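# Summary of the model geometry
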Amino acid sequence: MSGTRASACAGLCALGMVTAGVAARAVAAPAAAPVEALHANVIPAPASVVARPGSFTLRSGTQIFVAPGQKATRIAAYFAELVRASHGLTLKARQKAGASPGAPGIVFRLDPQAPGTAPESYQLEVSATGVVVSARDQRGLFYGAVTLWQLCSARVSEHGAITLEAMLITDAPRFAWRGLMLDSARHFQSPEFILHYIDWMALHKLNMLGWHLTDDQGWRLEIKKYPRLTAVGAWRVPPGRAAQRDIDPKTSRPRKYGGFYTQEAVRRIVAHAAARNVTIVPEIDLPAHTTAALVAYPALAAEPARLPAAVPSDWGIYTHVCNIDEATFRFIEDVLAEVLALFPGEYIHVGGDEVVTDEWRDSPRVRARMRELNISDVGAVQGYFEQRLGTYLAAHERRLIGWDEIVQAGLGPDATVMSWRGVAGAVSAAHAGHDAVLAPDPVLYLDHRQGTSPEEPPGRGPVESLQDVYAFDPVPAALLADREHLLGVQASLWTEHVRTEERAAYMTWPRAAALAELAWSPPGRIAWDDFLQRLPAEFERYRMLGVSFSEDVFAPPRNLGPFDRHMSQDLRSCSNKLGLNLEDDAPVNGRRAVFLIDIMNPCWILPAADLSQASGLTVAVGQLPFNFQIGKDVESIHLNPAHSAAGELEVRVDQCEGAPLVVLPLASAVDNDAVTVLPAVSLPHLTGTHQLCFKFAQHGIDPMWAIDWVQLSQ
Ligand code: ACM
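The following paragraphs examine the structure supplied in this document. For clarity, every value in this text was computed on a predicted model and none was experimentally measured.

## What to know about the nonpolar core
Of all hydrophobic cores here, the largest spans 152 residues; its most connected members are F79 and F108. Considering every element that reaches this core, the biggest residue donor is helix α4 (residues 138–153), with nine residues. When sequence neighbours within four positions are dropped, the list of residues in contact with F79 reads I64, L91, I106, F108, A145, L148, W149 and C152. Counting 38 residues, the second-largest nonpolar core is a separate cluster that includes F595, L611, V619 and F696.

Right, dumping it as structure tokens:
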């Protein structure tokens, strides 16, 4: 990953800021430019920036004045710590009654008469005598501090003094819900990483963290009453042969992957989030996406006999669902009681997505309970489920939020809808009087690749670039009439293919900065070219913070010559579908190859091979575990029949059917879990430029062969 660094910034202070060593480094100052044109290098762009004459210079020893009182003092300390960590400057905080400091310095003022009346608004005034940040509420003052830090980080002299152009910033958010979602179920991130993620959110004025804590492949939240949820549900054996061969000496069985958040860790995270104005919305995904919980407590399942023996490691949609026994609702309410005790926010996310009703249809126990409840149709079972959860949450003064499938299911009036299947769910929910948040797939799904480079980490194949995110319209025309129900927007980082914390950060930034601007800045401030101008300063801040991020937006185009190595990401897919950018399962420890593959049609095209010049072909191949729950779709995957025990790679010219031009036996690769370079083959002489089509002939679907790279030789 070019231009990134480990997200674990060694020795990060409690603020998630940088080490002293990093702090001492000077930040390249961008060329001086009119304040108005640059929006003062602040992301998200403030609502209004007006240039004033003069400037103020901040250096070690500059005083910060706060009126006596805890809230402003805490925010002043946060700002001082940010500046210390990023620039090594020591600012002196002093409590001082009254509005005017009477000496040059920085004032943080919570003031009921401050100019902005909107919640979270603030005013920041830089003049020759200092800086005054004022707000009516402490959230506004906090964001004023964040803006002031961004102004500082963008303008550092070689002497470590920071000169701020005089200006008046007046700012307030466009939306109350400015969210990111992090999936800690598919892959687990450490509590320390979650703290940093919250810090980075706060520095973008993002304020809602959707925390996806449970799914088929893992239950990550300690529940004291039901310890098997984590003792069993938090651990799985990763897919693939390499993991099967990775034996844990303690058990003499394949090593398990997993982890969970203790309640103590959650309390620390929630308190940290509160101090950063971030509300955590915990998600307990029900009644589907529950396989890990059902394996731990099979009595909750509609069809216990269909459950796997252990927490599974396939991606996709499992058909396992909860039953609707009273005992199951008692269990769920016990779980929710512990969730409510940990998470003080108004909203509790109860999932509701991708519910397959087969098991409800097939289960005699569920059908008997349906008769007792007068539910005539399995299609209405989810509605009953959501009503039970909504009633419980309302009785405890919380609000249910769920994915947009809950719209079909029939909703309590208080329920809020998170629209992921495009924005249609939000449109119908808002029309029916429910609040809604826009979190549409694919544009706000951060597990998509953000560029086409072979260096991009694993994720979904179709690219959702920084510019794609920035171009998303957070108030679609269809929602205009019900605008008052639109709470805001969320970008979601699903982590099926995001195995490491560094990659989780990389997939998030800077796309979440684009989202932050859509969520915070007024529509008149949304301008791609202007955002691009502010990005270098943003990237410099990421470097100071030790945040892994993508610089793909500034990457030059990749120009390959005819005899260069073409990685799978450089090839075309025969189906024109980009599928998935998947990581090899080997080596278990160490760098793994990443293959761009359409698993429904694993077939690659090298579009323009000059065969009059090429006489040889070398191909590197790998194998992927086929760990996808795709139901009957598996029958439509087309594989060519193998002609030998190991199978072959068939290469055709100009089309993907008919007799192969050359065949590369897979015998040398079949027992290698990692990438194998197949013996080179000679190409028959052909004139002109042709398309080469690469397709495997294999006996079964698992493992699935994949191209890593192809290279022609002269
Ligand atoms: C989802 O992507 N299933 C919410």
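## Let's talk about the packing of helix α5 (residues 191–202) against helix α17 (residues 501–508)
Orientation of α5 relative to α17, taken along the N-to-C sense of each, is 15°, at an axis distance of 11 Å. Between α5 and α17, the angle falls in the class roughly parallel. The two elements α5 and α17 meet at a crossing, and its hand is right-handed. On α17, the residues touching F193, Y197 and W200 of α5 are E501, A504, A505 and T508. In terms of residue class, the contact of α5 with α17 is built from five nonpolar, one polar and one charged.

## Notes on the pairing of strand β3 (residues 92–95)
Note: strand β2 (residues 63–66) against β3, four bridges, orientation parallel. Counted as the bridge partner of I64 is A93 from β3. With respect to chirality, the unit in which β2 leads through helix α3 (residues 70–87) into the neighbouring parallel β3 is right-handed.

## Remarks on unusual backbone geometry
The residue after A586, namely P587, is reached through a cis peptide bond having omega -5°. For P587, the location among the structural elements is in the loop between β26 (580–583) and β27 (594–597). In this model, D702 is joined to P703 through a cis peptide bond whose omega is 0°. Note that P703 resides in the loop between β35 (689–697) and β36 (704–713). With a phi close to 60°, S252 is a non-glycine residue in the positive phi region. In this structure, S252 sits in the loop between β13 (247–248) and β14 (253–254). Residue class for S252 comes out exposed when judged on its relative accessible area of 59%.

## Digging into the packing of α3 against α4
For the pair α3 and α4, the least separation of the axes is 10 Å and the interaxial angle reads 20°. One way to sum up the angle between α3 and α4 is to call them roughly parallel. Of the two possible hands of crossing, α3 and α4 adopt the one that is right-handed. Together, K71, A72, R74, I75, Y78, F79, L82, V83, S86 and H87 of α3 and Q138, L141, F142, A145, V146, L148, W149, C152 and S153 of α4 make up the contact between the two elements. Tallied by class, the residues present in the contact of α3 with α4 amount to 13 nonpolar, four polar and two charged.

## What about the state of the cysteines?
If you walk through the whole model with that rule in mind, you get two disulfides. Paired through a disulfide, C574 and C603 show a sulfur-sulfur distance of 2.1 Å. Because the sign of the S-S torsion sets the handedness, a value of about -75° for the bond joining C574 and C603 places this disulfide among the left-handed ones. Of the two residues, C574 sits in the loop between β25 (572–573) and β26 while C603 sits in strand β28 (residues 603–610), which places them 29 residues apart along the sequence.

## Focus: the side chain of R399
Topologically, R399 is positioned in strand β19 (residues 399–403). Here R399 falls in the buried class, since its relative accessible area comes to 14%. Here Y347 takes part through its side chain, which lies 3.3 Å from a polar atom of the side chain of R399.

Rules used in this analysis
Residues numbered from 1 in each chain as written. Predicted model: local features only at pLDDT ≥ 70, side-chain atom pairs only at ≥ 80, totals over all residues. Heavy atoms only, no water. Core = buried A, V, L, I, M, F, W, Y, C linked by side-chain atoms within 4.5 Å. Buried < 20%, exposed > 50% of the residue type's maximum accessible area, 1.4 Å probe, protein only. Helix = DSSP H or I, 4+ residues; strand = E, 2+ residues; numbered from the N terminus. Contact = heavy atoms within 4.5 Å. Axes fitted to C-alpha atoms, helices over the stretch in contact; angles between N-to-C directions. Parallel < 35°, antiparallel > 145°, perpendicular 65-115°, else oblique. Left-handed = near helix turned anticlockwise from the far one by under 90°. Nonpolar A, V, L, I, M, F, W, Y, C, P; charged D, E, K, R; others polar. Pairing = 2+ DSSP bridges. Right-handed = clockwise from strand over helix to strand, strands pointing away. Disulfide = S-S within 2.5 Å. Polar contact = N/O pair within 3.5 Å; in protein donor to acceptor, adjacent residues only side chain to side chain.

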